[in-house]
Amino acid sequence: LASSQGDDLAEQASDVNGVKVLAATLEGADANALRETMDKLKDKLKSAAIVLASVTDGKVSLAAGVTQDLIAKLKAGDLVNHVAAQVGGKGGGKPDMAMAGGTDPSQLPQALASVQRASLHNTPMTADPSNVKYKLESIITTGFNKDTGASTCKGTVKIIDKSTNKQILNEIET
């Protein structure tokens, strides 16, 4: 059943920075069906990052696949764990194919939607620098008091909110 859905799914793949990205749920698929469908989709799409999911008895099953040409940029294990962490699970596998499970199917739609955002950067575990809210500036000086033999360390640390350019924390001395 799930393997026959492969042809229809291939047409749903989005182009993200020149890479076909697909994240979908397969009704009634077991782990073998997810793997078979993954292989079929990788063959059909040629260059792609894919995450397939199914829910059975309240448990989430996930399969991630990355075609050989993309492995240097993105590993299937990273991709499947990116999704699995959001549905209360974890997984692993090879760079081109990985499996995972999870316990929270209510989070699956959001988790699958995150695959395209993650693939935009070709690495799901890397933060987008444009989303960084704070900037850290620090100056640390150390010294040694010859008379007392004590070490000193003074530092100025500034944490700046990038959206308002205001300092949140100004100075720390130790």
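This text follows the structure it describes.
Every chain is numbered on its own, with residues counted from 1 as its sequence reads. Given that this is a predicted model, residues contribute local features only at a pLDDT of at least 70 and side-chain atom pairs are listed and counted only at 80 or more, while totals for whole chains, interfaces and linings are drawn from all residues. Side-chain numbers here rest on the full set of heavy atoms in the structure, without hydrogens or water.

Here we come to the pairing of strand β3 (residues 48-56). Any residue under 20% of the maximum accessible area for its type is buried, any over 50% is exposed, and the rest in between are partly exposed; the area is computed with a 1.4 Å probe on protein chains only. Secondary structure elements follow DSSP: runs of H or I no shorter than four residues count as helices, runs of E no shorter than two count as strands, and numbering proceeds from the N terminus. Counting buried residues along β3, seven of its nine residues qualify, which places the element largely inside the surrounding structure. The pairing of strand β2 (residues 19-25) with β3 spans six bridges and is parallel. Paired with L22 across the bridge in β3 is I50. Orienting the strands away from the viewer, one traces the path from the first strand over the helix to the second; a clockwise path indicates a right-handed crossover. With respect to chirality, the unit in which β2 leads through helix α2 (residues 31-45) into the neighbouring parallel β3 is right-handed. In this analysis, strands are considered paired if DSSP registers two or more bridges between them. Here β3 pairs with strand β4 (residues 59-66) via eight bridges, running antiparallel. In the strand pairing of β4, L52 is matched with A63. Counting the residues between successive antiparallel strands, the hairpin from β3 to β4 contains two residues, one of them, D57, with a positive phi of roughly 50°.

A separate point is helix α3 (residues 76-84). Within α3, seven of the nine residues are buried, which leaves it mostly tucked inside the rest of the structure. Burial in α3 covers these residues: A76, G77, L79, V80, H82, V83 and A84.

What follows deals with the sheet that holds strand β1 (residues 14-16). Strands in a sheet are paired, the pairing made by backbone hydrogen bonds, and the direction either parallel or antiparallel. Spatial ordering of the open sheet is given by β1-β2-β3-β4-β6-β5, a layout of six strands whose pairing is mixed. Of all strands in the sheet, those with a lone pairing partner are β1 and β5 (90-93), marking the two edges. Looking at each pair of strands side by side, their axes are set apart by 20° on average, direction ignored. Any pair of residues with heavy atoms lying within 4.5 Å of one another is described as a contacting pair. Helix axes are fitted to C-alpha atoms over the stretch in contact, other axes to C-alpha atoms as well, and angles between N-to-C directions run from 0 to 180 degrees. This element, α2, spans β2, β3, β4 and β6 (97-102) of the sheet and lies at about 160° to β3.

Here a salt bridge means any side-chain nitrogen of Lys or Arg lying within 4 Å of a carboxyl oxygen belonging to Asp or Glu. Considering all chains together, one arrives at one salt bridge under this definition. D96 serves as the salt-bridge partner of K42, at 3.8 Å between the closest nitrogen and oxygen. Separated by 54 residues along the polypeptide, K42 in helix α2 and D96 in the loop between β5 and β6 bring together distant segments of the chain. Residue classification places D96 among the partly exposed residues on the basis of a relative accessible area of 22%.

All right, on to the side chain of H82 then. Following the sequence through the fold, H82 ends up in helix α3. Under the relative-accessibility criterion, H82 is labelled buried at 16%. Counting of polar contacts relies on pairs of N or O atoms within 3.5 Å, with two restrictions inside protein: one atom must be capable of donating a hydrogen and the other of accepting it, and residues adjacent in sequence are counted only when both atoms are side-chain atoms. Separated by 3.0 Å, the side chains of H82 and S114 make a polar contact.

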